[in-house]
Amino acid sequence: MPFRDKFYHGKLAWRANSEGGFVPVEDAVVVVDKLEKVFSGDVRAVDSISFEVGRGEIFGFLGPNGAGKTTTISILTTQTLPTGGRAEVLGHDVVKEPSKVRKGIGLVAQELTVDDELTGRENMELQARLYAVPYSEAKKRIDELLDLVKLVDSADRLVKTYSGGMKKRLELSEGLIHRPQVLFLDEPTLGLDIQTRTSMWEHINKLKKETNMTIFLTTHYLEEADALCDRIGIIDHGRVIALDTPEGLKKTVGGDVIEIEVAECDEDILEVIKGMPGIALLDGTCTGNKARIKVPDSKTSLPKILNSFMSKRIDVASVVIRKPSLDQAFLEFTGRELRDEESNSKPGHKDQSTSRGRFRRRR
Amino acid sequence: MIGETLALIARDLKRWYRTPAQIILVFTTPLMWLLLFGQAFNIGRLAQVDGTGMDLRLVFGGAPDYFSFMAVGQTAFIMLFASFFSGVSILWDRKFGFLSKLQVAPIPRSVIPLSRIASSLVKSMLQATVVILLAASFVLIPGLSGLRFSPSFGIVEAAGMALFLALLGIGLAALFVALGLVVRNEETLFGLINLLNFPLMFTSSALIPIALMPDWLRTVALYNPITFVVDGMRQLVFSTDVGAEYSVAVDMLGIGVFSGLMIGLGAVLARRALLRN
Ligand SMILES: Nc1ncnc2c1ncn2[C@@H]1O[C@H](COP(=O)(O)OP(=O)(O)OP(=O)(O)O)[C@@H](O)[C@H]1O
Ligand SMILES: [Mg+2]
């Protein structure tokens, strides 16, 4: 790929695999290199980010409001020009060859774009014609997709009579009508109830399995990133601050926490664990009658610990394992909880800039 | 290119005929003009009262009475208002995300304004036809004046009228669709429309005979694109060049040039507005 040679000087980008190792990103369909977007008023929405997405991968951007997720998508889908850096989608430069990029991609935007005054089916038909899908083929696909998003019964109703979730589902099926090679999903489940969200996840996973489609999605739901993505980029203030598999991200947080309830917890008990072979104790504290132990892998450590407790006749009342969550990962990387940001979500520009200012000062 | 354009035209028309309120409103305004203004403002009477026996056709661009005069003028307004609506509708499409959907789609950018101009033209030509037929049918209603066509009005004249209206409609729609793309804010667009609306309407000979205008206004009116259109159409409808300002050919040339200029201006504006930034 000439672009890569030019900008990576023969160096390959690396993708983390689930074992915590790294493998080169082969057949990258999205290549982003030092991409930057500065809006007027010196708003750095995207601040020199670089990453690659391999074919068939589900890649997720996880970040709070105003992090720069939509702006990145908007550049990659040829709606906005970057102010710096380069981006290629399917081997075509998004700045120089927008029409070639457009042919291979699909976008389900964050905002609803379906036409309220048309029926669901008419919306799909229009989309099919905009993407030059032959009529008979379009007809077939529309029926399939409406079935997939469970809108068959309401297909011939005007979209203005749809609920928000129905519109979002229609929007998703519209993005699929031309079978894009790369599908961009900007917050695909925003505003959906748990049930619809889960079924949306199912659709997306199914799509990946069946079609080897590459999916680039953004979300500020940790569960969503965890459930869907092969790799996650944590983005905040226009920067990718971590990029790894969900497992890898959790690992960097520092492993599992095991809470063991004993008759009385003291230094001796912690010493017992510290002295055990094959256990890399990361942290150990006593709170009341509970020993809190942090280890890289609870699956193998816990049996060893329990065995040695038994041989030393220490009675164990209960055991709790806390797996690291993306919540923790996010906290670790950004210095704040994603949920805080979410609770006052959808703020105006003012709110975002003040929270940004606060964060910058803290740094 | 053709496929996408037709699909978008169909979409615009569906939105239109599914909103009966919009259709009713679209016909109410011209009908009010015809019924209230056209019937009441019968300035032809003044000349009759005066008793000088002057040829009214000289004042009314060949029309036998004021109503016939202004009924032809009404069709130009229909083109004007339909173009306003198209401009506003494309701004709404931006607001509701539909435009960004089109911008991501692999279609030539020009399809976006062209399809809107075309759908605007379909709507406005239909409306103009209906209004002309209504105005003509008033003749049959006792107590009302109606649009009195010349007996020699035929298919050629009708086609000529359609061409005049279409050229006006294309030029105006090109301008307002481009404005709808450039302007991002409704208030500004409405303000602009208002700003253009009055001069276009009242410095033309659509409602007010040029003969009655003060000199300065007459000079302006003679270059108003609407004047070319109504001047030409009246000659076709009443089969006479009595009271005409220009020959039909010059009228056609005038509106053709206007339309061409507006398409050029619209293309420049729309291109800029659809460029990424
Ligand atoms: N057109 C614009 N002009 C100026 N600033 C903008 C513009 N669009 C976005 N921004 C700013 O860029 C930053 C990133 O916005 P962006 O929409 O990409 O965030 P996001 O990650 O998608 O957030 P959300 O989760 O709320 O959708 C924000 O600070 C926003 O205010
Ligand atoms: Mg966003």
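Think of each chain on its own: its residues are numbered from 1, step by step along the sequence as written. For naming, the first written chain is A and the first written ligand is 1, with later ones following in the order written. Local features in a predicted model are, by the rule used here, given only for residues with pLDDT of at least 70; side-chain atom pairs are given and counted only at 80 or more, and totals for whole chains, interfaces and linings are based on all residues. Computation of side-chain values: all heavy atoms of the structure, hydrogens and water removed.

## Concerning the overall build of chain B
For the purposes of this entry, the term helix denotes a DSSP run of H or I that reaches at least four residues, the term strand denotes a run of E that reaches at least two, and both are numbered from the N terminus. Secondary structure assignment for chain B yields 12 helices and zero strands. Counted from the first residue to the last, chain B has its helices and strands arranged as α-α-α-α-α-α-α-α-α-α-α-α. For the radius of gyration, the atom set is restricted to C-alpha positions; the globular benchmark scales as 2.2 Å times the number of residues to the power 0.38. The globule rule puts the C-alpha radius of gyration for 277 residues at 19 Å, and the 20 Å found for chain B is close to it. In terms of overall dimensions, chain B has C-alpha extents of about 70 × 40 × 35 Å along its principal axes. Within chain B, the fraction of its 277 residues that count as buried is 51%. We call two residues in contact whenever any of their non-hydrogen atoms come within 4.5 Å of each other. Contacts in chain B between residues far apart in sequence, at least 24 positions, make up 77% of those at least 6 positions apart. Method for areas: the Shrake-Rupley scheme with a 1.4 Å probe, in which residue coverage is limited to the protein chains shown. A total accessible area of about 12,300 Å² is found for chain B, and carbon and sulfur atoms account for 72% of it. Buried residues are those whose accessible area, probed at 1.4 Å on protein chains only, stays under 20% of the maximum for their type, while exposed residues exceed 50% and partly exposed ones sit between those limits.

## Some remarks on the packing of aromatic side chains
The pairing test for Phe, Tyr and Trp rings, Trp by its six-membered ring, is centres within 6.5 Å, and the orientation test on the planes gives stacked under 30 degrees, edge-to-face over 60, and tilted for anything in between. With the rule as written, the count across this model stands at 19 aromatic pairs over all chains. For the pair Phe51(A) and Phe216(A), a centre-to-centre distance of 5.8 Å together with 50° between the ring planes defines the contact as tilted. In this pair, Phe51(A) sits in strand 4 (residues 43-54) while Phe216(A) sits in strand 10 (residues 214-219), placing the two residues 165 residues apart along the sequence. By relative accessible area, Phe51(A) is classed as buried at 4%. Plain terms: the ring middles of Phe198(B) and Phe202(B) are 5.6 Å apart, the flat faces sit at 20° to each other, and that makes the pair stacked. With Phe198(B) and Phe202(B) both in helix 9 (residues 186-202), this residue pair falls four residues apart, about one helical turn. Phe198(B) sits in the partly exposed class, given a relative accessible area of 48%. Ring-pair connections join several aromatic residues into one group, and the members of that group are Trp33(B), Phe37(B), Phe60(B), Tyr66(B), Phe69(B) and Phe77(B). A ring is scored as having a charge over it whenever the NZ atom of a lysine or the CZ atom of an arginine sits within 6 Å of its centre and within 35 degrees of its normal. Arg11(B) extends its terminal NZ or CZ atom over the ring of Phe98(B), reaching a point 3.7 Å from the ring centre. Seen from the ring of Phe69(B), Arg234(B) lies directly overhead, with NZ or CZ sitting 3.6 Å from the centre.

## Considerations on a nonpolar patch on the surface
All names here are of chain B. Residues forming no salt bridge and having over 30% relative accessible area are the ones grouped into patches, like charges within 9 Å of each other and nonpolar side chains (Val, Leu, Ile, Met, Phe, Trp, Tyr) within 5 Å. In the sections that follow, a salt bridge refers to a side-chain nitrogen of Lys or Arg positioned within 4 Å of a carboxyl oxygen of Asp or Glu. Nonpolar side chains collect at one region of the surface, where Met1, Ile2, Leu6 and Leu114 lie side by side and expose about 410 Å² of accessible area between them. Mapped onto the elements of the fold, Leu6 is located in helix 1 (residues 2-17). What makes Leu6 partly exposed here is its relative accessible area of 47%.

## Things to note about the coordination of the magnesium ion (ligand 2)
Excluding water, the donors of a metal are its N, O and S neighbours within 2.8 Å, or within 3.2 Å for Na, K and Ca, and that exclusion means sites may look incomplete. The coordination sphere of the magnesium ion (ligand 2) contains the protein donors Thr70(A) (OG1) and Gln110(A) (OE1), at a distance range of 1.8 to 2.1 Å. Highlighted residues: Thr70(A) in helix 2 (residues 69-76) and Gln110(A) in the loop between strand 8 (105-108) and helix 4 (120-130), separated in sequence by 40 residues.

## Describing the domain arrangement of chain A
For every domain, the bounds stem from an assignment made automatically or drawn from a database. According to the domain assignment, chain A contains domain 1 (8-250) and domain 2 (254-324). Here domain 1 of chain A and domain 2 of chain A have C-alpha centroids that lie 43 Å from each other.

## With respect to the sheet that holds strand 9 (residues 182-186) of chain A
Residues and elements named next belong to chain A. What the six strands build is an open sheet, ordered 8-9-10-5-11-12; its pairing is mixed. Edge positions in the sheet fall to strand 8 and strand 12 (239-244), since each has one partner strand and no second. Strand-to-strand, the axes of this sheet are offset by a mean angle of 15°, without reference to chain direction. When DSSP locates at least two bridges between a pair of strands, those strands are taken to pair. Pairing analysis gives four bridges linking strand 8 to strand 9, with the strands arranged parallel. Whenever a helix is involved, its axis is fitted only over the stretch in contact; in every case the axis is a line through C-alpha atoms, and angles between N-to-C directions fall within 0 to 180 degrees.

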